[in-house]
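Structural features, examined
Chain by chain, the residues:
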Amino acid sequence: MKIAVIGCTHAGTAAIKEMAKLYPEAQITVYERNDNISFLSCGIALHVGGVVKDAEKLFYATPEQLAELGVTTKMRHDVLAVDTDAKMLLVRSLATGEQFTDSFDKLVLTTGSWPIIPQMEGIELENIVLCKNYEHSQTIIEKAKNANRIAVIGAGYIGIELVEAFEQLGKQVTLIDNMERILYKYLDEQFTDLAQQALIDKGITIATGQTVTSFTGKEGRVATVVTNAGEYEADLVVLCIGFRPNTELLKGQVDMLPNGAIIVDEYMRTSKEDIFAAGDSCAVHYNPTGQHAYIPLATNAVRMGTLVAKNLISPTVKYLGTQGTSGIKIYDYNIASTGLTETGAIAAGMNVKNVTIIDNYRPEFMPTFEKVTLKVVYESDSRRIVGAQVLSKVDLTQSINTLSVCIQNGMTMDELSYVDFFFQPHYNKPWNLLNQAGLQAI
C-alpha cells in the first residue's frame, strides 16, 4: 500500500506516526515544502518573550525520527497538482527545481492553513510580518530587537499573546482589531472587559472597532498604520488577522465549505474515495451547533490526524466532534472557553439563556482565596449546555475541559447540577462551581 501525505505539521505528524505503527508494510512518503516539521506555532509568543529560550524545543518530531519509523520524508518539496481520479501527484523539488510524478493508493492531505494577508496600500513595506511558522518567529525576534513601536493587527489569541510578550520586552505596543472587543470569538463582554483592562494597565494601546486601511512608510520600511479612525506609529507590524485553509490542490475534486475548508465525515474521509484530510485544512463537526465549522486548532489537528490512521483501511473509530475548547493566560488571569459564547449563540440564531457565577473559588476560612467568574450558556428550551467561559487569577481552566465533555455528551444544566465532584478546602467549596451553575440556571 502506497500512502502519500502532503504537509507535515500537527495533523500530518500525528497521522504519519500512527500509520507507521499500524501499517508497518506500507510505503509512506511525506511531501513538505518547508525545511522543518511539527513546529508548535502556539509557542511563538513564549519564544518572542524569552520564556522559551530555545526554539528547537518547540519542535516535537524530526525527519530523522520519521525515517526511523520507515517513512520517506521529502523536505523542501512542493506538490503542484493532485489528480484524485488517477491517484497521481505532480511534485517539484524546491532545492533543484526538478519535477516528477508519484502515485498513491491512499492520500492524506494535511496542508494546514496560512495567514490572511490583506491587499491594501503599503502592505509590501518592509517590517510588516506574519506569525505562523518557525521562520516567522525568527524574523519577529530579529526585527523586534530594533523596533520601539510595535503594532499587532488582530486581537485573537495569537495577537494578545504577542502584545503581552512585546510589552514585557519594553516596547510601545498597539493592538488593533476591527471588532469592538478583544477576543470577540472566544469570550463575552464581562470577560473581555477584564482582559482588556489588564492590557491597558500595562500601557498597551487598545484600538478596537477600527479597520486598517493602509500602511505608510519611510525609506521602504513601515512607519504608520492607518485605520478608519486614526493613525498609529509603528516600526514593526505583525499581522494576526486570521487563517485560511490551504486546499487549492483539491479544489473542485472534493466537497468544501465556501472558504475552502475540506468537508470530512466522522472517519476523516473526504467526498472522494481513498482521499483523507485532517487539521487546519478541514472543517470540523462543531457539537454546539451540529454544523460543520472552520476552527483551526492544534488540538483538533492531532486528533483528526490520528483518526486518519485508524480509519485508513476501513471505518473504525468515529470522530466525536469538537467544542473549540481553548485557553489563554493574560498576565495574572487564567482564561478558558468552550463552545459558543452568548454573543455567538445569538448570532447563530439560537434561543439561549446563561448563568454567571462570581464567587471565591474556595472557602473564606482558608488563608487566601481568589475570585472566579464562570459563565455557562445553554439552550432555553432543552437546557442543553452549548458553551462556557471561566476567568480567575487561580488556574481553574480545567473546569472548562469538564464542560467541554458535558457539551460533547449533550448534557443539560439540570444534569450538571448533581454531577459528583469532590470537595477539599484547598481546592473548592462543598458545592462545586459547576454544580452551582446548574443549580442557579433558571
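Higher on the page you've got the structure.
Everything in this summary refers to the structure shown in the same document.

Rules used throughout
- Residues numbered from 1 in each chain as written.
- Predicted model: local features only at pLDDT ≥ 70, side-chain atom pairs only at ≥ 80, totals over all residues.
- Heavy atoms only, no water.
- Helix = DSSP H or I, 4+ residues; strand = E, 2+ residues; numbered from the N terminus.
- Buried < 20%, exposed > 50% of the residue type's maximum accessible area, 1.4 Å probe, protein only.
- Contact = heavy atoms within 4.5 Å.
- Areas by Shrake-Rupley, 256 points an atom, 1.4 Å probe, with all protein chains shown as cover.
- Lys, Arg positive; Asp, Glu negative; His and termini not counted.
- Charge placed at Lys NZ, Arg CZ, Asp CG, Glu CD.
- Polar contact = N/O pair within 3.5 Å; in protein donor to acceptor, adjacent residues only side chain to side chain.
- Pairing = 2+ DSSP bridges.
- Axes fitted to C-alpha atoms, helices over the stretch in contact; angles between N-to-C directions.
- Phe/Tyr/Trp six-rings, centres within 6.5 Å; stacked < 30°, edge-to-face > 60°.
- Lys NZ or Arg CZ within 6 Å of the ring centre and 35° of its normal.
- Core = buried A, V, L, I, M, F, W, Y, C linked by side-chain atoms within 4.5 Å.

Per the secondary structure count, the protein chain includes 11 helices and 25 strands. The principal-axis extent of the C-alpha atoms belonging to the protein chain is close to 70 × 60 × 40 Å. Expressed as a percentage of its 442 residues, the buried residues of the protein chain come to 54%. Pairs at least 24 residues apart make up 62% of the contacts formed inside the protein chain by residues separated by at least 6 positions. On the protein chain, roughly 20,100 Å² of surface is accessible, and the fraction owed to carbon and sulfur atoms is 49%. Averaging the coordinates of the 37 positive side-chain charges in the protein chain and doing the same for the 50 negative ones gives two points 2 Å apart.

As a further point, take the environment of tyrosine 286. Along the chain, tyrosine 286 falls in strand 19 (residues 284-286). Since its relative accessible area comes to 10%, tyrosine 286 is described here as buried. Along the chain, tyrosine 286 and histidine 426 lie 140 residues apart, while their C-alpha atoms are 36 Å from each other. Tyrosine 286 has contacts with Gln291, Ala293, Ile295, Thr322, Gln323, Gly324, Gly339 and Leu340, leaving out every residue within four places of it along the chain. Side-chain polar atoms of tyrosine 286 contact the backbone oxygen of glycine 339, separated by 3.2 Å.

Another aspect to go through is the environment of threonine 192. Within the secondary structure layout, threonine 192 lies in helix 6 (residues 189-201). Threonine 192 gets classed as buried once you look at its relative accessible area, which sits at 1%. Linking threonine 192 and isoleucine 182, residues 10 residues apart in sequence, is a C-alpha distance of 6.2 Å. Sequence-distant contacts of threonine 192, that is, excluding residues within four places in its chain, are made with Arg181, Ile182, Leu183 and Leu187.

Further remarks concern the sheet that holds strand 11 (residues 172-177). By definition, the strands of a sheet pair up through backbone hydrogen bonds, in either a parallel or an antiparallel sense. One open sheet accounts for 5 strands, arranged 9-16-10-11-12; its pairing is parallel. The two strands at the open ends of the sheet, each matched to only one other strand, are strand 9 (128-130) and strand 12 (205-208). When strand polarity is set aside, the average angle formed by the axes of neighbouring strands in this sheet is 20°. Looking at chain direction, strand 11 and strand 12 are connected through 4 bridges and run parallel. Its bridge partner lying in strand 12, isoleucine 176 is registered against alanine 207. On top of the sheet, helix 5 (residues 157-168) reaches strand 10 (149-153), strand 11 and strand 16 (236-239); it is set at about 165° to strand 11, its chief contact.

Considering all chains together, one arrives at 4 aromatic pairs under this definition. Between tyrosine 418 and tryptophan 431 the ring centres are 6.5 Å apart and the planes differ by 70°, which places this aromatic pair in the edge-to-face class. Highlighted residues: tyrosine 418 in the loop between helix 10 (413-417) and helix 11 (433-440) and tryptophan 431 in the loop between helix 10 and helix 11, separated in sequence by 13 residues. Both rings, one in phenylalanine 422 and one in tyrosine 427, keep their centres 6.0 Å apart while their planes meet at 80°; by these two values the pair is edge-to-face. With a relative accessible area of 54%, phenylalanine 422 lands in the exposed category. Taking relative accessible area as the criterion, tyrosine 427 reaches 53% and is therefore assigned exposed. Positioned above the aromatic ring of phenylalanine 243, the side-chain terminus of lysine 132 is 4.9 Å from the ring centre.

This next bit is on the nonpolar core. Within the largest apolar cluster, 56 residues are counted, with the highest numbers of intra-cluster contacts made by Met19, Ile28, Leu89 and Val108. Those residues in contact with isoleucine 28, other than ones at most four positions away along the chain, are Ile3, Val5, Met19, Ala20, Val71 and Thr72.

Considering the arrangement of structural elements, one finds aspartate 280 in the loop between strand 18 (275-277) and strand 19. With relative accessibility at 15%, the residue aspartate 280 sits in the buried group. For aspartate 280, the side chain forms a polar contact with the side chain of serine 113, separated by 3.3 Å. At a separation of 3.5 Å, a polar atom in the side chain of aspartate 280 contacts the main-chain amide nitrogen of leucine 297. Apart from the residues lying within four places of it in its own chain, the contact partners of aspartate 280 are Gly112, Ser113, Lys132, Pro245, Tyr294, Pro296 and Leu297.

The values reported here are purely geometric and, on their own, carry no functional implication.
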